[in-house]
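The lines below spell out each chain.
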Amino acid sequence: ISQDQVMMSHSPLRMFKRYHEKCVLVSGQGPLLDIAQDLGFCQPITIDTLREKRPLLDAVDHDRKPKVLHSQEQLLSPSTVVLFGEPVRWETSLQLIIDVLLTSGYPGNAYEQESYPHIPVLACNMDLMWVAEAQSPRFGHGTFMVCLENIYKKITGKDLKYEALMGKPSRLTYQYAEHLIRAQALQRSWEQPIHTLYAVGDNLMTDVYGANLWEQELAGAAAGRCSSVLVCTGVYSPHAEAAPDTRDSGARGVFHGHRDFSFDPGLVEPDHIVPDVEAAVDLVFQLENFAP
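Reading the values: rules and limits
Residues numbered from 1 in each chain as written. Predicted model: local features only at pLDDT ≥ 70, side-chain atom pairs only at ≥ 80, totals over all residues. Heavy atoms only, no water. UniProt positions renumbered as here; feature names shortened; annotations may be inferred. Axes fitted to C-alpha atoms, helices over the stretch in contact; angles between N-to-C directions. Helix = DSSP H or I, 4+ residues; strand = E, 2+ residues; numbered from the N terminus. Parallel < 35°, antiparallel > 145°, perpendicular 65-115°, else oblique. Left-handed = near helix turned anticlockwise from the far one by under 90°. Contact = heavy atoms within 4.5 Å. Nonpolar A, V, L, I, M, F, W, Y, C, P; charged D, E, K, R; others polar. Pairing = 2+ DSSP bridges. Buried < 20%, exposed > 50% of the residue type's maximum accessible area, 1.4 Å probe, protein only. Right-handed = clockwise from strand over helix to strand, strands pointing away. Patch = residues over 30% accessible without salt bridge, like charges linked within 9 Å, V, L, I, M, F, W, Y side chains within 5 Å. Areas by Shrake-Rupley, 256 points an atom, 1.4 Å probe, with all protein chains shown as cover. Salt bridge = Lys/Arg side-chain N within 4 Å of Asp/Glu carboxyl O.

Per an unreviewed UniProt entry, the protein chain carries the name Haloacid dehalogenase-like hydrolase domain-containing 5 and comes from Erythrocercus mccallii. Its UniProt record gives the protein chain a comment under Sequence similarities (unreviewed entry), which states: "Belongs to the HAD-like hydrolase superfamily."

In structure tokens form, the structure reads like this:
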């Protein structure tokens, strides 16, 4: 599998060229600078770099507070915030992102009363929870975003706004996925048009919701159908209490999707439920009459 066949939650950021030349503050973990530069951003700054330049801003952990005050170093002013994924030290990231938003990109200055609307925020990967080795789901980037949004509103009384939301269930993510699939078909000189897209995932509120939402708006797409296939090896469990009736869970208000996506019971109804990904592939082969 080549790199141009793989899509991450942040992959659609390649299309946001108007921000690529600007200084952007990036939040998450891993090789953030490499990821940002690979996407086209020329001047990314990490939370760690901002903290090093402005050590007085990170005051929650007393052991990390500077013992000696030095003059502040010069720092480019971020004009955009890019949230790639959940960071490691949440208190540091929450504090510094709020500082950047409330000072229009000049952290260290006093908060501005007229800093709304704030500088653009681009966010990826909205999953509230994900499944790892633990028996129960773990916090995902969506949980971090809930914290950031509520802190911002508690301080300002206003909603934090996103310039764009990427990752499932965002329409933008499925549009970009279709773009990549069509590009692959073109490279292989496939003459038959792609009629059906299959979205395979383990989360009703992201994978299935996004696939069904995308199918509602396929008018401008080459494919005419997006079929959702739910697997039982992750967030979704057929043995969970609320599993038999997703509509009922919505009625109780248990919607784990992002606040900017309204709950529609029909959007969390998968077209197919299978045990695992291998069974999903077998199902697609069967539905498409394809013999590998």
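That was the structure; now back to the text.
Q: What is the right way to read the packing of helix α3 (residues 90–102) against helix α4 (residues 141–156) from this model?
A: Helix-helix packing is characterised by the crossing angle of the two axes and by the distance between the axes. Between α3 and α4, the shortest axis-to-axis distance is 10 Å and the interhelical angle comes to 45°. The orientation of α3 relative to α4 falls into the category oblique. When you trace α3 past α4, the crossing you get is right-handed. In this structure, α3 uses Trp-90, Ser-93, Leu-94, Ile-97, Ile-98, Leu-101 and Leu-102 to contact α4, whose residues at the interface are Thr-143, Phe-144, Cys-147, Leu-148, Ile-151, Tyr-152, Ile-155 and Thr-156. Of the residues contributing to the contact of α3 with α4, the split by class is 12 nonpolar, 3 polar and no charged.

Q: Would you take a moment to explain the sheet that holds strand β9 (residues 225–231) for this structure?
A: Hydrogen bonds along the backbone pair up the strands of a sheet, which may run parallel or antiparallel. Reading across from one edge, β8-β9-β10 is the order of the 3 strands in this open sheet, with parallel pairing throughout. Each end of this open sheet is capped by a strand with a single partner; those strands are β8 (196–201) and β10 (272–274). Pairwise comparison of adjacent strand axes, ignoring direction, gives a mean angle of 25° for this sheet. Looking at chain direction, β9 and β10 are connected through 3 bridges and run parallel.

Q: Hey, could you run me through the pairing of strand β4 (residues 121–124) in this one?
A: Side chains on a regular strand alternate between the two faces of the sheet. Residue alternation in β4 divides its side chains into two sets, Val-121 and Ala-123 and Leu-122 and Cys-124, and both sets are buried. After leaving strand β3 (residues 80–83), the chain enters α3 and then returns to the sheet as β4, a path that is right-handed. Sheet topology places β4 next to strand β7 (residues 164–166); 3 bridges connect them, and they run parallel. Its bridge partner lying in β7, Cys-124 is registered against Met-166.

Q: What am I meant to see in the pairing of β8 here?
A: The alternating pattern of β8 places Leu-197, Ala-199 and Gly-201 on a buried face, while none of Thr-196, Tyr-198 and Val-200, on the opposite face, is buried. As judged from the 6 bridges shared by β8 and β9, these two strands associate in the parallel manner. In the strand pairing of β9, Leu-197 is matched with Cys-226.

Q: Before we go on, may I ask you to explain the sheet that holds strand β2 (residues 43–46) in this structure?
A: A sheet is described by the order of its strands in space; here 5 strands give the open sequence β2-β1-β3-β4-β7, paired in parallel fashion. Pairing within the sheet leaves two strands with one partner each, and these edge strands are β2 and β7. This sheet shows a mean twist of 20° between the axes of neighbouring strands, independent of strand direction. The sheet strands contacting helix α1 (residues 32–39) are β1 (23–27) and β2, and the helix crosses β2 at an angle near 155°.

Q: Looking at this structure, I do not really get a nonpolar patch on the surface. What am I missing?
A: Taken together, the side chains of Ile-1, Val-6 and Met-8 define a hydrophobic patch exposed on the protein surface, amounting to about 360 Å² of accessible area. Inspection of the secondary structure assignment puts Met-8 in the segment before β1. You can call Met-8 partly exposed: its relative accessible area is 47%.

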